[in-house]
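Chain and residue survey
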Amino acid sequence: MSLLTHLPRFGRLSAAVFTCVALGAALAAHGAPAGNRFKPVGPDNADGANAEAGERWTAADYEAYAAAHPVPGSALGLPAANSFLLFSQCRALAGVTYAAFAAGENDAIVGDTPFAFASALPGLAGSCFNPQNEQNIVTHPANPNHLVTSANEYRANVHTVYVSTDRGASWRNIVLPGWTLESGAGGVFKNVDSCGDPVLAFSPGGDRLYYAGLECAGGPSPKQSRSGVAVAVSTDGGLSWSRPTMVHYTATSNFFHDKEWITVGPDGGVHLTWTWFQSTPNGKFGASPIFHASSRDGGLSWSEPHQVSASAYPYDQGSIPAVAPDGTLYVSFIAAMPETGYQADAVVLARSRDGGLTWTNTRGPRIYDDFNCYPTQIGGQGRQTLSAQNYRINSFPSMAVDADTGRVHIAWADNRAHPSCGYEKGGGFDPTLGNTQNQVHYVYTDDGEHFSADQVLNPPTDDTVFPAVAARGGKVMVGYYTRRHAKAAGGLGGADMRCALRVVTVGQAGYADGTLLPASFGSGINRQTNVCIDYAGRMSVDGGQTFAAETRFSSESSNPWTLFTGSFIGDYTGTAIDAMGRGVAVWTDFRGQPGVTPANQDTVVRVQP
């Protein structure tokens with residue numbers, strides 16, 4: 001979901017009524033401790049803000065809010081008597097030019113647009129370019145040159161896809177019609193905004209391409225929050241689109257729909273899953289089950305929703321559906337484990353053999369994303385993050401089914417390698433025991449019941465996050481963000497300090513020395529002076545039994561503290577394997593387009609030769 005519709009304390013956020021952090025502790029009514037990290041940030045958010053108040057915020061509004069609300073020095077590991085402003089790297093790095101993209105690496109954004117910050121900070125750039133973040137990518141089943149990706153689009157209140165027919169060398173940016181007033185909406189769509197979480201899926205023959213996204217808006221009263229999941233169809237590979245069909249829609253404050261995903265089975269049936277957040281009559285978080293709807297007529301009409309997650313797992317998020325060659329429908333998601341008092345999570349894999357009418361849930365591996373596994377954001381949503389970073393993270397499993405072999409592949413990232421991680425240990429994240437040590441974990445299953453041994457794809461020092469898995473023809477590709485390459489470079493990336501976290505002292509005259517590193521960077525061997533990250537991946541050619549060495553997809557490390565004061569880079573990335581068996585990856589990159597725009601969040605695609 002787009003951050004601009006995520007934060008009730010930062011603007012008109014009906015879209016944020018039921019956004020989650022990660023799974024874990026449940027309600028006090030269930031005996032769980034206070035501070036449930038899987039609750040919504042809406043009607044019972046900490047500051048009591050009205051989720052339906054005000055207009056839709058822009059990126060500039062978010063930055064202005066951050067600039068007007070300094071954080072105490074103690075939160076940054078600095079003298080408590082001082083207050084500091086966090087701000088986007090694109091303000092400080094307006095004159096920095098990154099190297100040109102490498103061969104096979106291309107920016108999918110055409111005609112990026114600038115915006116002015118509502119209040120420029122002393123001595124810093126007063127403008128940036130609108131971001132795009134949170135991507136997945138699909139390739140035409142028969143044409144490896146035809147790529148389509150999507151992202152949260154901040155140039156306007158619209159849904160957008162990015163299409164290439166020359167294997168990423170050039171791109172067209174296509175606004176989907178009828179989703180919002182800005183894109184010519186009619187009917188119920190006139191009353192909602194784009195709320196992000198864009199996802200794409202081709203039919204097996206490539207004759208139809210489906211786009212799913214969220215719609216939401218505040219209602220005429222605090223008791224009415226409009227929320228829906230919708231789908232549009234293209235019959236020319238994404239160059240033109242039908243008007244959207246609302247799959248499911250509610251207009252009350254006790255329901256909210258989030259994190260949808262779409263797939264198409266070998267018989268052409270279309271399957272959509274999402275999280276259905278539900279609140280109690282007094283406005284508290286009730287449950288977040290996973291639901292499914294299907295279409296048998298190419299997306300024109302949809303079945304009534306059926307619940308996927310079993311009653312034993314009332315708190316769920318991050319579902320992904322996929323269909324095996326034998327017609328078995330699988331849905332993966334993260335679920336809070338009841339025997340832990342809902343303080344710990346696991347992979348759950350649901351399967352249906354009757355098209356989604358009935359479901360069997362099988363518990364998979366434990367996921368270590370407990371309360372004490374991570375530090376939390378500074379001056380943002382209070383979400384989990386990595387050491388010396390500020391973007392929110394999650395451990396939602398990414399899942400893909402190989403349409404040729406039927407094998408189910410699942411990957412996720414967690415911080416079990418850190419000594420303080422695990423609810424059984426009590427307390428919170430302990431930075432004195434070292435920085436975060438996030439790793440990508442991978443398993444597969446051939447029957448939906450029995451899982452392979454857990455493979456760890458990275459050493460703990462790489463601090464990886466947001467894996468995406470793709471599978472085709474016995475090949476498996478797992479992509480992810482990593483600190484490996486930036487750390488190997490060392491230092492802060494040159495005199496321009498492009499890889500440093502920057503803060504400005506309140507009242508500072510000009511920008512003399514605003515580069516400060518918080519104490520959470522650690523000391524000695526734990527000292528981390530470089531916050532840049534890269535996107536990379538590993539490939540398997542034997543169905544996931546072994547993986548080749550890591551391939552770096554981004555040709556230069558870049559700083560994720562770019563826009564939104566570093567607090568949001570999207571909640572997922574994308575990988576695909578094309579008809580020739582070659583990997584394709586897409587991610588939010590922070591270099592902008594070298595030689596065209598300064599540093600900002602863009603959608604970058606890398607294809608393997």
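All values derive from a computational prediction rather than experimental measurement.

1. Notes on unusual backbone geometry
Apart from glycine, the bulk of residues carry a negative phi angle, and the bulk of peptide bonds sit in the trans form. Backbone geometry at Arg167 places phi at a positive 60°, although glycine is not the residue there. Relative to the elements of secondary structure, Arg167 occurs in the loop between β10 (160-164) and β11 (172-175). For Tyr342, which is not glycine, the phi dihedral falls at a positive 60°. Residue placement: Tyr342 occurs in the loop between β23 (329-336) and β24 (345-352).

2. Thoughts on the packing of aromatic side chains
A complete count under the given rule lists 20 aromatic pairs for this structure. On the basis of an interplanar angle of 80° and a centroid distance of 5.4 Å, the ring pair of Phe115 and Phe117 is categorised as edge-to-face. We classify Phe115 as buried; its relative accessible area is 12%. Classification of Phe117 by relative accessible area gives buried; the value is 7%. When the centroid spacing of 6.3 Å and the interplanar angle of 70° are considered together, the rings of Phe466 and Tyr481 count as edge-to-face. One end of the pair, Phe466, is in strand β30 (residues 465-472); the other, Tyr481, is in strand β31 (residues 475-482), with 15 residues separating them in the sequence. In terms of burial, Phe466 and Tyr481 fall into one category: buried. Each residue in the set Phe466, Tyr481, Tyr535, Phe553, Trp587 and Phe590 is aromatic and connected to the rest through ring pairs, giving one cluster. Stacked on the ring of Phe117, the Lys or Arg Arg91 has its end atom at 3.8 Å from the ring centre.

3. Description of the nonpolar core
By size, the foremost hydrophobic cluster in this structure holds 43 residues, and its most contacted members are Val231, Ile262, Leu272, Trp274, Trp302, Met399 and Ile410. Sort the elements by how many residues they give to this core and strand β18 (residues 270-279) lands first, with 5 residues. With residues near it in sequence (within four places) discarded, Met399 still touches Ile320, Pro321, Ala322, Tyr330, Val331, Ser332, Leu349, Val408, His409, Ile410 and Val469.

4. Thoughts on the pairing of strand β22 (residues 316-323)
Within β22, 8 of the 8 residues are buried, which leaves the element mostly enclosed by the surrounding structure. For β22 and β23, the ladder comprises 6 bridges, and the chain directions are antiparallel. Bridging from a neighbouring strand, Ala322 pairs with Tyr330 of β23. Two successive antiparallel strands, β22 and β23, enclose a turn made up of 5 residues, where Gly327 displays a positive phi of approximately 90°.

Rules used throughout
- Residues numbered from 1 in each chain as written.
- Predicted model: local features only at pLDDT ≥ 70, side-chain atom pairs only at ≥ 80, totals over all residues.
- Heavy atoms only, no water.
- Helix = DSSP H or I, 4+ residues; strand = E, 2+ residues; numbered from the N terminus.
- Phe/Tyr/Trp six-rings, centres within 6.5 Å; stacked < 30°, edge-to-face > 60°.
- Buried < 20%, exposed > 50% of the residue type's maximum accessible area, 1.4 Å probe, protein only.
- Lys NZ or Arg CZ within 6 Å of the ring centre and 35° of its normal.
- Core = buried A, V, L, I, M, F, W, Y, C linked by side-chain atoms within 4.5 Å.
- Contact = heavy atoms within 4.5 Å.
- Pairing = 2+ DSSP bridges.

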